[in-house]
Amino acid sequence: MTTQMAPESMYRSTEGLGVWPHRGKVAAVGIGHSPTARRWDGRAETSVGAQSIMACRKAIEDAGVDPSQVDGIVLVPVTTTGAHWDADTPVPMDVVNAFNPSDDPLDGIGQLSAEWLLKNMPELTNVKFTMYAPGCMSAAITVAAQAVGDGLASTCLVLKGWHNLEGRYNHGGISAANEVPGSFALSPGRTLWGAPGCYGTALQFAQYCTKYGKHHDMMAPFMENSRRNGLLFPEGYWAQHRPEQLPPEDYLNSRWIAKPANLFDNDIPIMASAAYLFTTAEKAQDMAQKPVYILGHASSRGLARSIVPTLEEVEAETDSTGRKIYESAGISPDDLSFENMYDGFAQFHQFHIEGLRYRGMQRGDALDFYQTDISIEGPNPVLPSGGNIGSGRSRFWMHTDCIQQIQGRAGARAVTGVKPEIAVSGGPMPMGGNFTVWSATPN
Amino acid sequence: MAILISFDIDGTLEVGDPPGPLTMEMVRIVRDKGFLIGSCSDRPPSSQRSMWEEFDISVDFTVAKHLLADVKSGFEADAYYHIGDREDLDRQNALRNGFDFLWPDEAAAKPWFDAEA
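Residues numbered from 1 in each chain as written. Chains lettered and ligands numbered in written order. Predicted model: local features only at pLDDT ≥ 70, side-chain atom pairs only at ≥ 80, totals over all residues. Heavy atoms only, no water.

A. Highlighting the overall build of chain B. Each helix and strand in chain B was counted, giving five helices and five strands. Along chain B, helices and strands appear, N-terminal first, in the series β-α-β-α-β-α-β-α-β-α. A globule of 117 residues ought to have a C-alpha radius of gyration of about 13 Å, and chain B, at 13 Å, matches this closely. Taken along the three principal axes of its C-alpha coordinates, chain B extends 35 × 30 × 25 Å. Going through the 117 residues of chain B one by one, you find that 50% of them count as buried. Pairs at least 24 apart in sequence give 58% of the contacts found in chain B among residues at least 6 apart. (Helix = DSSP H or I, 4+ residues; strand = E, 2+ residues; numbered from the N terminus. Rg over C-alpha atoms; globule rule 2.2 N^0.38 Å. Buried < 20%, exposed > 50% of the residue type's maximum accessible area, 1.4 Å probe, protein only. Contact = heavy atoms within 4.5 Å.)

Now the structure itself:
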C-alpha cells in the first residue's frame, strides 16, 4: 500500500465554504499517549517507533475496539523536533532489527512511515486507508476527520510521534550544511547564521506591544497559568520529569533569546507520541468512551510578503482563521466553552485568541485579559491544556485536553468554571495551521 | 585562599539533563572544604534551590545563566571558577565575566574534589 501526502483539497483553507458537510458525523473516542523523555536514550523500546506503537495500542484499547476494526491510519511521517540524524553516525542496527524494518533503516528512529507502523502492528489486519499529514497533529486531525467524513475510513488512528536526539536541535542535518538553498539560511531557527527560531514571533510581539501599549511582563500570568495546567497533565513532560511551577519572578528574570522573547517563551523539545481513535458518530455509540464530535475544521495558509511576517499580516491571517473556524463549525465565539490554541512560541497565543474573538476579545486585548482570572476554575479559561509551555513541545496537548475535558476525563485539570461543551484547538503558526472544533454533542 | 565555584547543572552535574560527570558528593566535598559554591544555570533559580535542598547541600548563590556577573560582584574570593558544558553559554560567558573556566571533565580531575586532598 502506497501512502500519499494528504492533498490540499482535504483542507478548508478559504472563507466562504460554509458549514462543514460532515459536521457532527465524525467523533474522537480513544486517546493514547507514550511516556515523555527529554531525549532518546538509544534503546529500541524508547524509540519514536516503539513509542508510537504504544500510543496507537493505548488509543485502540481506550476506545474499546478490536484492532481488526481499525481500517485507517493518518500519521505524520516527519518526527524531528529539529534533531537530525547525523550522516556520519552509524545507524544502531540492534534497534533497527528489534523491529520489522522498512527499506529505510532510520524508520522508527528518525522518521515514521505507515509501512513501518503496519509491519510492526500485526494486529492491524484490516487497514485499507493510510495517509500522511505534514508537520503536526493539528494537520493529521484535520485529514483524519475529513477522511472519516468522506468515507475513506470508518475507524481511523491518528498518530503523531516526536523524536529528540542528543545534542542541540537545529545544529545538525541541513542546518549544519555548508550550502543551503534559497533563503533557507536567513529564516529564523534554521541555521547557525540565521536568527533564533523565535525571532519572527518576537518581532511581531514587539510590534504588538508598541501598537497597543503593552509590555513583556504582562505575559507572566499566562506563563504561570500554563505551567500550572501542564503540571496537572500527567501525560506531560514537566509533570513527569520536572514538576516545577513557573512563578513570575523566574519567568521575568530569564535571559533573552531574541528580545522581547526570553528562554521560557520558547518550548522544550521532547520525545513523545500520541494517538487518537476517530470514527463515525454512529460507530462511536458502541465504543468505550464518550464520543467527542467534530463540528468543523479550518486551515490557514497565509503568505507573508517577506521572510518574517509583519504584525499586520499575522493579525489579518488570524482574523480570517477565526472566521473560517466559526463558519465551518456553524458556531459563534459565544459558543466556545474554552480555547486551546497553540502556544509554541508563547508570544503568538494572543494572536490566535484575538483572532477567535474569544470572550469578546478585540485586537490588543489579550495581555490585559491575561491579568484577569484565566484559570481552569474561572469563567474564562485560557489554554487549559497548558500547551507546550506546560508539557513540552508536542503540539498535541491542546487536542488531548479538548477531548479529555469534553469526555469528563481531564482529572485535576478539569475546567470547573464553565461546562465543557464546545472547544477549539489547533496550530501551529498564526500564518499557517489547522484547527478543529470539538463538541459534546453532534448538533 | 578563598575559591568560588559556579556550577552549571545540565551536562555538568550528575543530576543534570543530560547527566554530567560531577557528582553531588563532589560538590559536598568542596562545600565542606569551605569553598564558596552555587549554581548558574538556565534552570530557574527556584528550581535550582529545590535541587540543592533535595540533596541537603547549602549553597551561597543560585542565579540565572546571564547573571553570572552578579556572582562576581557579590562575593569576595581569590579565584572564581565556572564549570559548564557549553562553549557559548558557559565558557564564553565565564571568561567575559572574569571567571576561570573548566569543562566538567577537567573539573572532575581537580584535587578539590578529593576528600583526602
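B. Looking closely at the pairing of strand 4 (residues 79-83) of chain B. All names here are of chain B. Of all five residues that make up strand 4, five are buried, and the element is covered over most of its length. Side chains Ala79, Tyr81 and Ile83 of strand 4 all project onto a buried face; the interleaved residues Tyr80 and His82 project onto the opposite face, where all are buried too. Inspection of the sheet shows strand 1 (residues 3-7) paired to strand 4 by five bridges, in the parallel sense. The residue bridging phenylalanine 7 from the neighbouring strand is isoleucine 83, located in strand 4. As paired strands, strand 4 and strand 5 (residues 100-102) are joined by three bridges and run parallel to one another. Residue pairing for strand 5: histidine 82 is matched across the bridge by phenylalanine 101. Once you follow strand 4 into helix 4 (residues 87-96) and on to strand 5, the crossover reads as right-handed. (Pairing = 2+ DSSP bridges. Right-handed = clockwise from strand over helix to strand, strands pointing away.)

C. Molecular detail of the pattern of salt bridges. All names here are of chain A. Applying the stated criterion across every chain, the model contains 28 salt bridges over all chains. With a shortest N-O distance of 2.9 Å, aspartate 41 and arginine 43 are connected by a salt bridge. The class for aspartate 41 is partly exposed, based on a relative accessible area of 45%. Measuring nitrogen to oxygen at the nearest pair gives 3.6 Å for the salt bridge that ties glutamate 115 to lysine 119. Taken as a pair, glutamate 115 and lysine 119 lie in helix 3 (residues 114-120) at a separation of four residues, close to a single helical turn. Relative accessible area serves as the criterion here: at 38%, glutamate 115 is assigned to the partly exposed category. Relative accessible area serves as the criterion here: at 37%, lysine 119 is assigned to the partly exposed category. Within this structure, Asp319, Glu354, Arg357 and Arg363 form a network of salt bridges that share partners. (Salt bridge = Lys/Arg side-chain N within 4 Å of Asp/Glu carboxyl O.)

D. Fine view of the sheet that holds strand 4 of chain B. Residue and element names in this part refer to chain B. Pairing in this open sheet of five strands is parallel, and the strands run 3-2-1-4-5 from one edge to the other. With partners counted over all chains shown, the strands left at the sheet margins are strand 3 (61-64) and strand 5, one partner each. On average, adjacent strands in this sheet sit at an angle of 25° to one another, irrespective of strand direction. Contacts from helix 2 (residues 45-54) reach strand 2 (36-41) and strand 3 within the one sheet, and its direction differs from that of strand 3 by about 145°. (Axes fitted to C-alpha atoms, helices over the stretch in contact; angles between N-to-C directions.)

E. The environment of A:Ser391, seen in detail. Residues and elements named next belong to chain A. Along the chain, the position of serine 391 falls in helix 13 (residues 387-391). Exposure remark for serine 391: the relative accessible area of 0% places this residue in the buried category. Along the primary structure serine 391 and isoleucine 270 are separated by 121 residues, whereas in three dimensions their C-alpha atoms are 9.3 Å apart. When neighbours within four sequence positions are excluded, serine 391 is seen to be in contact with Gly230, Phe233, Gly236, Tyr237, Trp238, Ile270 and Trp397.

F. A look at the confidence of the model for chain B. Across chain B, pLDDT averages 96, with 100% of residues at or above 70. The ipTM for the predicted assembly is 0.90, set against a pTM of 0.96. (pLDDT = per-residue confidence, 0-100.)

G. Looking closely at the packing of aromatic side chains. All names here are of chain A. Tallying each qualifying case throughout the model produces 20 aromatic pairs over all chains. Between the aromatic rings of phenylalanine 99 and tryptophan 116, the centroid separation amounts to 5.1 Å while the plane-to-plane angle is 55°, which identifies the pairing as tilted. Note that phenylalanine 99 is positioned in the loop between helix 2 (93-96) and helix 3 and tryptophan 116 in helix 3, a separation of 17 residues in sequence. The exposure class assigned to tryptophan 116 is buried, which follows from its relative accessible area of 2%. Ring plane angle 70° and centroid distance 6.3 Å describe the contact between tyrosine 358 and phenylalanine 369, whose orientation is recorded as edge-to-face. (Phe/Tyr/Trp six-rings, centres within 6.5 Å; stacked < 30°, edge-to-face > 60°.)

H. Local environment of helix 1 (residues 48-63) of chain A. Residue and element names in this part refer to chain A. Here helix 1 is 16 residues long and its end C-alpha atoms lie 22 Å apart, about the 22 Å a rise of 1.5 Å per residue gives. Counting buried positions along helix 1 gives twelve out of 16 residues, so the element sits mostly inside the fold. Residues of helix 1 that are buried: Val48, Gly49, Ala50, Gln51, Ser52, Ile53, Ala55, Cys56, Ala59, Ile60, Asp62 and Ala63. Residues of helix 1 that are buried make contact with strand 2 (26-33), helix 3, strand 5 (155-162) and strand 8 (272-280). Looking one or two residues past helix 1, glycine 64 carries a phi angle of roughly 75°, positive in sign. (Expected span 1.5 Å × (residues − 1).)

I. Up close: the interface of chain A and chain B. Contacts between the two partners involve 13 residues from chain A and, on the opposite side, 15 residues from chain B. Around 1100 Å² of area is buried between chain A and chain B when both sides are counted, 45% of it from carbon and sulfur atoms. Inspection of the region where chain A meets chain B yields three salt bridges. Its residues assigned to classes, the side of chain A that touches chain B shows four nonpolar, two polar and seven charged. (Buried area = accessible area lost by both parts, 1.4 Å probe. Nonpolar A, V, L, I, M, F, W, Y, C, P; charged D, E, K, R; others polar.)

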